[in-house]
Amino acid sequence: DCHSTPPTHRRAAEPPTHRRASRDSMPFVLFLALLASATAAPTTKGRRANEQPKVRLVVTGETNVARTTRGARASNRVAQMAAWGGNVTMTIRAAHNTFTVVEVADPNEARLFKEQAERSGLRVEEDQRRYPGPSVATRTQPLAKETPWGIERVYNGAVPNASFFPSAVTHPLCIIDSGYLLTHPDLPSDATAADPLQAPAGTMYFGGDLCNHGTHVAGTIAAIGGDGEGVVGVFPGAPGLKIVKVFGEAGQLDDPPGWPNEACGWTYASELVDAVQRCVDSGAKIVSMSLGGGGPSSTERDAFQTFFDDGILIVAAAGNGGSSSYSYPASYPSVMSVAATDSSDAKASFSQFNDEVDIAAPGVDVVSTVGPPSDPGYDSYDGTSMAAPHVSGLAMVLWNKYPSYTNAEVRTALEGGAEDLGEPGRDNEFGHGLANYQGAEMRLGAPSAPPSPPAPPPPSLPSCPLGDVCATGPCLITDGGSCATSPDFPNLYPTDEGCTIYGLPPVGLDVIAFDVEGDEDSYNDYDGDGDFRNDCPDYLTVNGVKYCGTSGPAGVVPSDGTMTWVSDDGVTVSGWKVCWAAQPPPSLPPLAPCPLGDVCTTGPCLITDGGSCATSPDFPNLYPTDEGCTIYGLPPVG
């Protein structure tokens, strides 16, 4: 799902034939098809270029297969499938299910095998291929520390300082790709293999990357900040990364110069499901996949839904076909599908667009880390493969700063907090919009428990006549009792002042003017409460929410009937004027004063239970005829 863009200041010249094939002459999906046809591209397990690939099937629904891990055999089922013409290559246990992978000689054999298996109550489908994007192994030299434009874009133009990011994580991230160059000086050295079989001695060692694709993705997520070299990631130096390698088996280096390494050709949907299970078993809660393919798989779809239902947040590249076609696994509902944008916030020309796109992120001219080990460097790639790690990296930051939320809530916050692009609201090109950390953080804080039932004004406030609005301190009640202003409005308000307006009716507030010193540094915990949100030097508080800057509490109903104003000893500006609808005069005769906090009654009705209940006259006996009463002073609760 990526292809490289060669900025002249960053890259060496590419072989002309490869450049035409990968970018200029044909769509990306067609290129992959021709590449597979021309080279008979091998699987990640090492099929040679001149070998006719077998048909690979996934069998599910077994009732008597032993609960085994990959490579193990359940002899009775193996023998039965062999009799049907299938060779069992592995058994995978993942997503609370068991999958048997079978190879048959050709499509006709596949049809016969499927007919016999389905008569036995099994489900059989083709094991779909999943591809990374082709990449070109040309690199720049290590750079002076540079912040890629996309990293700045998802943070509103300024990456937070190091203290903003958690030093330890409870929701680790797992990258499924072509490996992770563990020796790269700009990547965290504590990344580990999610699959214990991917050890240094094996051909699928997680800590090497022949394809550079996974290392580039990892740099966008986690490149180290503050080291004076290279680039910085969305979560600089992200701790505890988990890695599963599904592309780039060592020993498959027989392609002609200028063509992608055949080991980087493809993996299978079944192996991708197994890889996610490895991530989950390692403790990961976020899975990032910059890969995909055009064929859907019900086995894969069901497995990813199970992973999501079990609390895993899954992010994948939307695809580089430049069309409305679907790429999988991104287009399953349980997976966040990420489209790509350029530095002008336009949709990248190659980015796929359809009704499964959830969100967009930077994916053009993305500079990040690459190998090989002898010359670690940096390169600029294009692709939805480059967009996806921006989103998974933001998810890692957000979820580890607010770990009590669920995967579904984090996903909703990322989508709801995105910057709307294209058509208003969700659209097929950008999904919910451009990923934005501040928006997601604010959206994550929006869902909260219903407010507690409002209480009467605190006892320290003087009694306010029924139907009036009163104020303590220097704030002013104006316009015949239907508005309030900051002290000296519209002139500059004084420093170190405060007041409370109380007795407000339960109606939406109308903000006439609002200019209050705002939070100029969104990454400074101004008030020291551990929360970077709502850090206002001067503020008007309604329902526990602080308002500053130029955004006042328009339309907010003061549930407890109060507003509170506070100014500090710094900057002052013109302040605020807030109004409310005038309330109609009471239709009943004037009521006798009722002590503050009490509930009173006229006539024969009774106040009981220490002042917390009222009854009809003579309750529970029959009430008398021709009687009436009014109970007043009731608090605004159900």
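Please refer to the structure higher up on the page.
The following refers to the structure shown. (Residues numbered from 1 in each chain as written. Predicted model: local features only at pLDDT ≥ 70, side-chain atom pairs only at ≥ 80, totals over all residues. Heavy atoms only, no water.)

**Examining the sheet that holds strand β25 (residues 575–579)**
Part 1 of the argument: Spatial ordering of the open sheet is given by β18-β19-β25-β21, a layout of 4 strands whose pairing is antiparallel. For this open sheet the edge positions go to β18 (476–478) and β21 (510–515), each flanked by a neighbour on one side alone. Between one strand axis and the next, the sheet turns by 15 degrees as a mean value, whatever way the strands run. (Pairing = 2+ DSSP bridges. Helix = DSSP H or I, 4+ residues; strand = E, 2+ residues; numbered from the N terminus. Axes fitted to C-alpha atoms, helices over the stretch in contact; angles between N-to-C directions.)

**A look at the packing of aromatic side chains**
Part 1 of the argument: For the coordinates displayed, the defined rule picks out 14 aromatic pairs.
Part 2 of the argument: Between the aromatic rings of Phe164 and Phe165, the centroid separation amounts to 5.2 Å while the plane-to-plane angle is 90 degrees, which identifies the pairing as edge-to-face. One exposure class covers both Phe164 and Phe165, and it is buried.
Part 3 of the argument: Between the aromatic rings of Phe304 and Tyr332, the centroid separation amounts to 6.3 Å while the plane-to-plane angle is 25 degrees, which identifies the pairing as stacked. Taken together, the residues Phe304 in helix α8 (residues 298–309) and Tyr332 in the loop between β12 (313–317) and β13 (336–341) connect sequence positions 28 residues apart.
Part 4 of the argument: Three or more aromatic residues joined by ring pairs form one cluster here, namely Tyr155, Phe164, Phe165, Phe235 and Tyr437.
Part 5 of the argument: In this arrangement the basic side chain of Lys401 is found over the ring face of Phe164, its NZ or CZ atom lying 4.2 Å from the centre.
Part 6 of the argument: The ring centre of Tyr539 lies 4.9 Å from the NZ or CZ of Lys546, which sits over that ring. (Phe/Tyr/Trp six-rings, centres within 6.5 Å; stacked < 30°, edge-to-face > 60°. Buried < 20%, exposed > 50% of the residue type's maximum accessible area, 1.4 Å probe, protein only. Lys NZ or Arg CZ within 6 Å of the ring centre and 35° of its normal.)

**Comments concerning the packing of helix α9 (residues 384–401) against helix α10 (residues 407–416)**
Part 1 of the argument: Look at α9 against α10: their axes get within 10 Å of each other, and the N-to-C directions meet at 120 degrees. In terms of axis orientation, α9 runs oblique to α10. Like other packed secondary-structure pairs, α9 and α10 cross with a definite hand, here right-handed. Where α9 abuts α10, its residues Leu394, Ala395, Leu398 and Trp399 lie against Asn407, Val410, Ala413 and Leu414.
Part 2 of the argument: Among the residues forming the contact of α9 with α10, the class breakdown is 7 nonpolar, 1 polar and no charged. (Parallel < 35°, antiparallel > 145°, perpendicular 65-115°, else oblique. Left-handed = near helix turned anticlockwise from the far one by under 90°. Contact = heavy atoms within 4.5 Å. Nonpolar A, V, L, I, M, F, W, Y, C, P; charged D, E, K, R; others polar.)

**Some details on a negative patch on the surface**
Part 1 of the argument: On the surface, Asp488, Asp496, Glu497 and Asp569 cluster together into a patch of negative charge.
Part 2 of the argument: Looking at the secondary structure, you find Asp488 in the loop between β19 (483–485) and β20 (498–502).
Part 3 of the argument: A relative accessible area of 46% places Asp488 in the partly exposed class. (Patch = residues over 30% accessible without salt bridge, like charges linked within 9 Å, V, L, I, M, F, W, Y side chains within 5 Å. Areas by Shrake-Rupley, 256 points an atom, 1.4 Å probe, with all protein chains shown as cover. Salt bridge = Lys/Arg side-chain N within 4 Å of Asp/Glu carboxyl O. Lys, Arg positive; Asp, Glu negative; His and termini not counted. Charge placed at Lys NZ, Arg CZ, Asp CG, Glu CD.)

**Points about the pattern of salt bridges**
Part 1 of the argument: Counted under the stated rule, the structure contains 13 salt bridges.
Part 2 of the argument: In this structure, the salt-bridge partner of Arg56 is Asp127, at a minimum N-O distance of 2.8 Å. Separated by 71 residues along the polypeptide, Arg56 in strand β2 (residues 55–60) and Asp127 in the loop between β5 (123–126) and β6 (129–130) bring together distant segments of the chain.
Part 3 of the argument: Looking at Arg56, the relative accessible area reads 7%, which means it is buried.

**Thoughts on the environment of Ile221**
Part 1 of the argument: Following the sequence through the fold, Ile221 ends up in helix α6 (residues 213–222).
Part 2 of the argument: Put simply, Ile221 and Pro389 are 168 residues apart on the chain and 5.6 Å apart in space, counted from C-alpha to C-alpha.
Part 3 of the argument: Filtering out sequence-adjacent residues up to four positions away, Ile221 remains in contact with Leu173, Ile175, Gly233, Val234, Phe235, Ser288, Pro389, Ser392 and Gly393.

**As for the state of the cysteines**
Part 1 of the argument: Considering all chains together, one arrives at 8 disulfides under this definition.
Part 2 of the argument: Cys464 shares a disulfide with Cys470; S-S distance 2.0 Å. Its S-S torsion of approximately 85 degrees makes the covalent link between Cys464 and Cys470 right-handed.
Part 3 of the argument: Bridging Cys475 to Cys499, the disulfide has an S-S length of 1.7 Å. In this structure, the disulfide formed by Cys475 and Cys499 twists by about -60 degrees around the S-S bond and is classed as left-handed. (Disulfide = S-S within 2.5 Å.)

Just distances and angles here, no functional claims.
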